[in-house]
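Each chain, letter by letter, is given below.
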Amino acid sequence: MSIQIAGRKSKLHRIGLTLTLILLLSSFALPAAASPPQDLHFDIQVTYALGNLTTVNGAWSSGGLFTSAGDAVQTAHHAGWPGNGWQFQTAHSVTTLSDGNGTITIKDQSTQIAWSGPDATGSGHWEIQHATGAYAQLRGTGDSTFQATFYPACPDPSALGPCLILEMQLNGRGHAN
């Protein structure tokens, strides 16, 4: 009878050791979980001056997941110009935001909703395409809205003549790992 008990102890010992080894190895094989998404928003303002409707400069600020501000460079491709030179139906833009901590490149696709007098409004969708420096692990996406105002005499001293000042609000969710 002692032989059977010894065999059972030996068998139970092997099963316990095997389960412990499996649990230990599986804990090393599991990937680290990403942080849950948090609110993330950007406010961007750029000035389109007469004669420069593709690449423009401006400023940005952010809130939610992180707070910062800096310079913005936007390259946009407009489609569906109805003829007056400022109106469009859709815009695809890539905006690079920079500050002393790194850069964030955001792609936005917007559709003009309404044009009334000197003002236009629209909405779309944005996504972070690339980030560097302290923002290298930043990911995010969301909805965008914009307001654009045409000025016959631009209030921005860097632009001569007429201009369009574009203010974009990007609201969404993001995480940094």
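Higher on the page you've got the structure.
Note that the coordinates shown come from a computational prediction; the quantities given were computed from them, not determined experimentally. (Residues numbered from 1 in each chain as written. Predicted model: local features only at pLDDT ≥ 70, side-chain atom pairs only at ≥ 80, totals over all residues. Heavy atoms only, no water.)

Description of the state of the cysteines
Here a disulfide denotes one covalent bond, and it connects the sulfur atoms of two cysteines.
Working step 1: Using the criterion set out here, one finds one disulfide in the structure.
Working step 2: Paired through a disulfide, Cys-154 and Cys-163 show a sulfur-sulfur distance of 2.1 Å. Because the sign of the S-S torsion sets the handedness, a value of about 80° for the bond joining Cys-154 and Cys-163 places this disulfide among the right-handed ones. For the pair Cys-154 and Cys-163, a shared accessibility class is recorded, and that class is buried. (Disulfide = S-S within 2.5 Å. Buried < 20%, exposed > 50% of the residue type's maximum accessible area, 1.4 Å probe, protein only.)

What about the sheet that holds strand 7 (residues 139-151)?
Working step 1: In spatial order, the strands read 1-2-3-4-5-6-7-8; together these eight strands close into a barrel with antiparallel pairing. For this sheet, the mean inter-axis angle between neighbouring strands, taken without regard to orientation, is 25°.
Working step 2: Looking at chain direction, strand 1 (residues 38-49) and strand 8 (residues 163-175) are connected through twelve bridges and run antiparallel. Considered in strand 8, the bridge of Tyr-48 is made with Leu-164. (Pairing = 2+ DSSP bridges. Helix = DSSP H or I, 4+ residues; strand = E, 2+ residues; numbered from the N terminus. Axes fitted to C-alpha atoms, helices over the stretch in contact; angles between N-to-C directions.)

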